[in-house]
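Report on the structure
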Amino acid sequence: MSAAPLVGYSSSGSEDEDEAEAGAQARPGTGGCRRAQSPLPSQRLPVPDSVLHMFLDTEEEPEDDREKHGGRVRTFPHERGNWATHVYVPYETREEFLDLLDLLLSHAQTYVPRLVQMEAFHLSLSQSVVLRHHWILPFVQALKDRMASFPRFFFTANRVKIYTNQEKTRTFVGLEVTSGHAQFLDLVSEVDRVMEEFDLTTFYQDPSFHVSLAWCVGDARLPLEGRCLRELQVEEHRG
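This is a predicted model, so every value here is computed, not measured. For every chain, the first residue of the written sequence is number 1, and numbering continues from 1 onward in sequence order. The model is predicted, so local features are restricted to residues of pLDDT at least 70 and side-chain atom pairs to those at 80 or more, both for listing and for counting; the totals for chains, interfaces and linings are taken over all residues. To obtain the side-chain values, all non-hydrogen atoms of the structure were used and water was disregarded.

Focus: the pairing of strand β6 (residues 156-164)
Where a strand is regular, its side chains alternate between the two sheet faces. Inspection of the sheet shows β6 paired to strand β7 (residues 170-179) by eight bridges, in the antiparallel sense. Across the sheet, the residue bridging to K161 is G174, located in β7. In short, DSSP must find at least two bridges between two strands for them to pair. Helix and strand assignments follow DSSP, with helices taken as H or I runs no shorter than four residues and strands as E runs no shorter than two, numbered in order from the N terminus.

Here it is in structure tokens:
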């Protein structure tokens, strides 16, 4: 493609044409004979407005470089102005938890070496949803209003379980909640009401609340379930 820019011109070129014709007339001392003139530089043709303005609203699509986020695959395409989010309860780690994590992860990696530790730990209360930018503040405020009076409670997560996302593009090793399940269901009920207000997807019908410990790309259930899972359960109870 030519590197020359597209340039627009006025619709009338009569003055330029008159000047070109005058420059081609015989000069004094030539006996009225017309001399050969050097060729005029070629004129650029006018460019239609439709062409000049056809790319003004085009925005460059962001590059989805999977290497920048561990090879993870988007569950929905990126769209400018949309924000992916989900609601969760953060889990603050203690020394005994980190010791158990090291024990379980090192054992699971003997079956699936590509497993990596989670960077942060939490219990999800919603699926991943897409918020428009102008929804963020009212969405957060609606959640605060729903959760403000919810009482504190204790829970236990001590059963190792293998999970995948809905698309089977990621696999997780997690600790499933074994006590406090009813309270988490009540929390989800409040979150679901907010989701419905914003016409967003609610949580799963029969959720398994858990803390994810490690993850890998792809569906790794086959090597992790069965013998590996039984050995992890034994290690968890020893820990």
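Quick word on the nonpolar core
Take the buried residues of types Ala, Val, Leu, Ile, Met, Phe, Trp, Tyr and Cys, join any two whose side-chain atoms come within 4.5 Å, and each joined set is a nonpolar core. Relative accessibility thresholds used throughout: buried, under 20% of the residue-type maximum; exposed, over 50%; partly exposed, between the two (1.4 Å probe, protein chains only). L115, L125, F139, F209 and L224 are the most contacted members of the largest nonpolar core, which totals 45 residues. Those elements that provide at least two residues to this core are α3 (95-108), β5 (129-132), α4 (136-147), β6, β7, α5 (181-197), β8 (210-217) and α7 (227-238).

Structural notes on the UniProt feature "active site" (unreviewed entry) in the protein
UniProt positions are given in the numbering used here, feature names are shortened, and annotations may be inferred rather than shown by experiment. According to UniProt, the positions carrying the feature "active site" (unreviewed entry) are H122 and H210. Taken together, the annotated residues stretch across 89 residues yet fold into one region, lying no more than 8.0 Å apart by C-alpha. Mapped onto the secondary structure, H122 falls in strand β4 (residues 122-124). Taking the relative accessible area as the measure of exposure, H122 reaches 22% and is therefore partly exposed. Two residues form a contact once any of their heavy atoms are found within 4.5 Å. Each residue touching H122, except ones within four places of it in the same chain, is listed here: H86, Y88, V89, P90, Y91, H210, V211 and S212.

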